[in-house]
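# Inside the fold
These are the residues of each chain, in order.
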Amino acid sequence: MAVDAMFPVLRFSDYFTRPSVEELVEREAADPGYCSRVPDFVVGRVRYGQVKFSGSTDVRGLDLNEIVKFGRHSVVVYRDEAGKPAVGHGLNKAAEVTLKLDLSTLPKPGLLVELLRCRAKKQGARFLSFNPVNGSWKFEVDHFSRFGLVDEEDDDVAMDEPAVRQPIAEARDPPSNGHELELSHSLPAHLGLDPAKMQEMRMALFPNDEEEEDMVDGFPSDHRHLSRERMNVDSPNTSGKGPRMRSPSPLHGSSQKFGRRYGVLARKEPHALLEYNVNSTELGASSHGILMSGKNKGFPVRMTKVEGFKLPAEQATPVAGKVYSNCIVDAALFMGRSFRVGWGPNGILLHSGSPVNTPGTGLSSVIHIEKVAGDKVVRDEQNKVKEELAELCFSDPMDLHKRLDREILETESDSFKLKLQKVVASRLVLPDICRSYIDIIERQLEISDLSMSSRVLLMHQVTVWELIRVLFSEREAGNQLEFCGDEDQEGMILDKKEGSVNIDPEALPLVRRADFSNWLQDSVCHRVQGEVGSLSDARYLEHIVLHLTGRQLDTATEIAASKGDVRLAVLLSQAGGSMLNRSDVAQQLDLWKINGLDFDYIEEDRLKIYELLTGNIQGALLDSPIDWKRYLGLIMWYQLSPDTSLDIIIRCYHQLLGEGKVPNPVPVYIDEGPLEEALQWSPGDRFDISFYLMLLHANQDEKFGLLKTMFSAFSSSYDPMDYHMIWHQRSILEAIGAFSTNDLHVLDLSFVHQLLCLGKCHWAIYVILHMPHLDDAPYIHEKLIREILSQYCEIWSKDGAQRQYIAELGIPAEWIHEALALYQEYYGDRQGALGNYIQCGNWKKAHTIFMTSVAHSLFLSSKHQEIFDITSALENHKSEIADWDVGAAIYIDYFNIKNCMQEESTMDDDSDPLESKNELCKSFFDRLNDSLGIWGSKLPIEAR
């Protein structure tokens, strides 16, 4: 074999291979045939990236510079499709691609990761990783075409290919307004469709349009401007400065010309396509717009590179398990009445589009049925619903809530009574209630296959219930206090004597402060241990600083003593003690500064410890960011006096937060993660529910105005549809009198929606009965309950336990029968619907169904007794039924006449002449004809 055919060719100096070409020559000499089976062969370009081909690769005779081409943020292998080998041969095989991205031209890392993940998925690749430090993006491919974060310019070229094949020329006759016009690709090309096929479909629908157009130099001879109103959508590049201007459309219609020529009215055509234009330089190159246009066959256009239709990135729609869908491809969803979005029961969403970064063409003619992810909380790591989780997340907490004491408020709606409920509880029993909820959550944590993000949220729920107990529970005066925790914790305020002491009422605030301190230490312990574990043992001073941030004084003192640093150990043992000790340390530091001590000879971490012992938190942690709970603890433990009340500590932190001097109390899923996808958060957007609980405790004597934000889903969870535990926390806090409000219906109805999505209709009605009564909306409970009974009848009517519980809640039986009647009538069970309409007292509807659907079938089946029973029930309310005399009364008269004649036939009495019977029958038949005149059009043939 020739030498050229034995080894790959690499001519460009900035390209490289691993093994290098020189190494391949040496290995081929040592092991003949090596170049036909090179393991994990790598081709790369300096500062652009590399491709690592999986398995053994035959590299003999490959011209690598012709096959592999790296560009800015992209790589192409086999640009010429005609010369590309089959998948699995040559370099058209599975590989790991690494691209170097220029971060200065790309979004922030948080957004960029999601963009890269979606771009890889869209191109059929598998996202592996992204390093925000050096900009390395790794992904896997099964075979090769063009991959990468292609520039917007290249993207537009790719999308415009179908249009580029058509003749392109500049418009020689600009519009009269003097604005230069540029048009880009149409909507089908932007959606990934074939414009040629769309044109064929249009020609099939409107075959005469092309033949009758009168064109002059590519323009219709009629220069009438279409008067379509433009719909302006800001491009992502638009600066937003300067006024927005509209210019008349330069697209000229020919249908009016056609109408005038043949003396007929011009046909109105459907304007189905969107086109994009860039206005003149007067508006600036970045001012993009979208307009509705008519057909533009033969219209000469100049291709321009613009971005397609986009929604703002902050547009959030929770669809199909994703928290956010950044933008929607199908503009028809928002531009036309024929493409509406529709909501169905159980969170079903029907639409004709698709999210931009998901696979699929997004055809407007395809209806998609998706379900809003209201059940993410009951899914495991494999995204499968676990019935055990559903019971622990919903049924068990609701059963616990049901066992609590409650007040009953009877309200009357029309002639029906409804029993509204409100849970009441004493603060003395609050610890037991919180412990019961924690037991349920701990049982959830024992379930296998839970995702890490779910476990983080469950642990956070445990800490929230513990915080509710600490902040809002009360002890009886003179009750005993049982200590738990280390001796160095806030228990130093009280002497520990054989495990329990009698508490003086004046000491109760200090006890609550000690409990809160213990709660803080438990909440941050795992963070401290994690950071300490990442350090080497030699850096013991840094270990001590971290232990101090979690108030682990015993451990910090032992570390200092074990290293022979006895003086430091003595100081640490007094940390957070009397203000006199803090003052002494601060004075010593000041003396050193006054005397010109060179602090360069003192370890930086030792100075941090000294500053922390003086209470100078900002000086100690100037370059060491920590989470908000530890910072709150540092203020409480080392800066403020040991006898400072808890309310003052919380208000102090809140004041510093307003001044921007302390960390933001971000929600736990942002603070600790990990999350499946990045979420946007800005300072002051929303805080963690724990911080809101602290503020609620500190503002007990004042009106608390943050309840809606406090009980929003994002304060506790990254799932905007999850309210299952927030509702219970709100209910318990309201039951003990922590606050009182009638303005949290959003929370109630959001939880109702979540329960309905899971098919738990009885619990949804239970939640509605706990909504407060409003004088300005007295019938809201009735309306919601009747809607649930009607819309979800199929679910609760087939579940005996749900149906029984709904009845036990005191829901009027008439409402239940009315829902059943509607359901049975919809599915064609007319006789069942008739019985339920009678049960719910809808006599008019029952009479109509009886006459049009039931009576004739019963009569032809000789079920006369059933007819008699039904008509007897209706007769008692005949005053409420229209057309009674020519309706069900006909059957009653029939039975009366029949019985009368049968009785007379058994008696030999000729006193009643035949004429009277004829009159009776004639009168009956006259009424029967009148009945047919009213009901005939609604009856089938056999009924008539």
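Everything numeric here is computed off the predicted structure, so don't read it as measured data.

Glancing now at the pattern of salt bridges. Two side chains with opposite charge may pair up if their charged atoms get near one another. Per the stated rule, a full pass over the model turns up 29 salt bridges. Its salt-bridge partner being Glu 66, residue Arg 11 comes within 3.8 Å of it at the nearest N-O pair. With Arg 11 in the loop between helix H1 (3-6) and strand S1 (15-18) and Glu 66 in helix H3 (residues 64-67), this pair connects stretches of sequence that are 55 residues apart. Among the residues examined, Glu 66 registers a relative accessible area of 48% and is labelled partly exposed.

Take the environment of Arg 927 next. On the secondary structure map, Arg 927 appears in helix H37 (residues 914-935). Residue class for Arg 927 comes out partly exposed when judged on its relative accessible area of 23%. Once the C-alpha coordinates of Arg 927 and Val 886 are considered, the two residues, 41 residues apart in sequence, prove to be 6.3 Å apart. In this structure, Arg 927 is in contact with Asp 885, Val 886, Ala 889, Ile 890 and Asp 893, ignoring residues within four places of it in sequence.

Let's shift gears to helix H27 (residues 745-757). Look at H27: 18 Å from first C-alpha to last across 13 residues, which is about the 18 Å you get at 1.5 Å a residue. Within H27, ten of the 13 residues are buried, which leaves the element mostly enclosed by the surrounding structure. Of all the residues in H27, the buried ones are His 745, Leu 747, Asp 748, Ser 750, Phe 751, Val 752, Gln 754, Leu 755, Leu 756 and Cys 757. Check the buried side of H27 and you find it contacts strand S19 (368-371), helix H11 (387-402), helix H26 (726-735), helix H28 (761-769) and helix H29 (780-791). A positive phi of about 80° marks Gly 759, the residue just after H27.

Here we take up the side chain of Lys 93. Position of Lys 93 among the secondary structure elements: in the loop between strand S7 (74-77) and strand S8 (95-100). It turns out Lys 93 is buried and unbridged, and the closest side chain with the opposite charge, Asp 40, is 7.8 Å from it. In terms of polar contacts, Lys 93 uses its side chain to reach the side chain of Thr 57, at 3.0 Å. Sequence-distant contacts of Lys 93, that is, excluding residues within four places in its chain, are made with Phe 53, Ser 54, Gly 55, Ser 56, Thr 57, Gly 88, Val 141, Asp 142, His 143 and Phe 144.

With that settled, consider the environment of Lys 422. Position of Lys 422 relative to the elements: it lies in strand S21 (residues 416-423). Distance from Lys 422 to Leu 404, taken between C-alpha atoms, is 9.8 Å for residues 18 residues apart in sequence.

A surface patch of like charges, here positive, comprises Arg 18, Lys 52, Lys 100 and Lys 138. Looking at the secondary structure, you find Lys 100 in strand S8. Residue classification places Lys 100 among the partly exposed positions, given a relative accessible area of 33%.

Here we come to unusual backbone geometry. With an omega dihedral of 0°, the bond running from Arg 18 to Pro 19 counts as a cis peptide bond. Mapped onto the secondary structure, Pro 19 falls in the loop between S1 and helix H2 (21-30). Even without being a glycine, Ser 862 presents a positive backbone phi close to 60°. Position of Ser 862 among the secondary structure elements: in the loop between helix H34 (843-860) and helix H35 (864-875). Looking at Ser 862, the relative accessible area reads 54%, which means it is exposed.

Counting residues in each nonpolar core, the largest one holds 130 residues, and the members touching the most others are Phe 516, Ile 544, Leu 733 and Ile 811. Of all the elements, helix H13 (residues 452-472) adds the most residues to this core, at nine residues. Counting only domains with at least three residues in this core, you end up with domain 3 (506-654) and domain 4 (812-938). In this structure, Ile 811 is in contact with Leu 418, Ile 765, Leu 769, Ile 785, Leu 789, Ile 806 and Ile 816, ignoring residues within four places of it in sequence. Judged by nonpolar contacts, the second largest core, of 36 residues, contains Met 6, Cys 35, Val 51 and Leu 99.

Looking at the chain as a whole, the pLDDT averages 75, with 70% of positions reaching at least 70. The least confident element of the chain is strand S16 (residues 288-292), whose mean pLDDT is 33; the most confident is H28, at 95. Here residues 151-186 is modelled with pLDDT under 50, and outside its nearest four sequence neighbours on either side it reaches 72 contacts, counting other chains as well. Contacts of residues 481-500 to residues separated by more than four positions or lying in other chains number 36 contacts, the stretch itself having pLDDT below 50.

What counts and what doesn't
Residues numbered from 1 in each chain as written. Predicted model: local features only at pLDDT ≥ 70, side-chain atom pairs only at ≥ 80, totals over all residues. Heavy atoms only, no water. Salt bridge = Lys/Arg side-chain N within 4 Å of Asp/Glu carboxyl O. Helix = DSSP H or I, 4+ residues; strand = E, 2+ residues; numbered from the N terminus. Buried < 20%, exposed > 50% of the residue type's maximum accessible area, 1.4 Å probe, protein only. Contact = heavy atoms within 4.5 Å. Expected span 1.5 Å × (residues − 1). Lys, Arg positive; Asp, Glu negative; His and termini not counted. Polar contact = N/O pair within 3.5 Å; in protein donor to acceptor, adjacent residues only side chain to side chain. Patch = residues over 30% accessible without salt bridge, like charges linked within 9 Å, V, L, I, M, F, W, Y side chains within 5 Å. Areas by Shrake-Rupley, 256 points an atom, 1.4 Å probe, with all protein chains shown as cover. Charge placed at Lys NZ, Arg CZ, Asp CG, Glu CD. Core = buried A, V, L, I, M, F, W, Y, C linked by side-chain atoms within 4.5 Å. Domains from an automatic or database assignment. pLDDT = per-residue confidence, 0-100.

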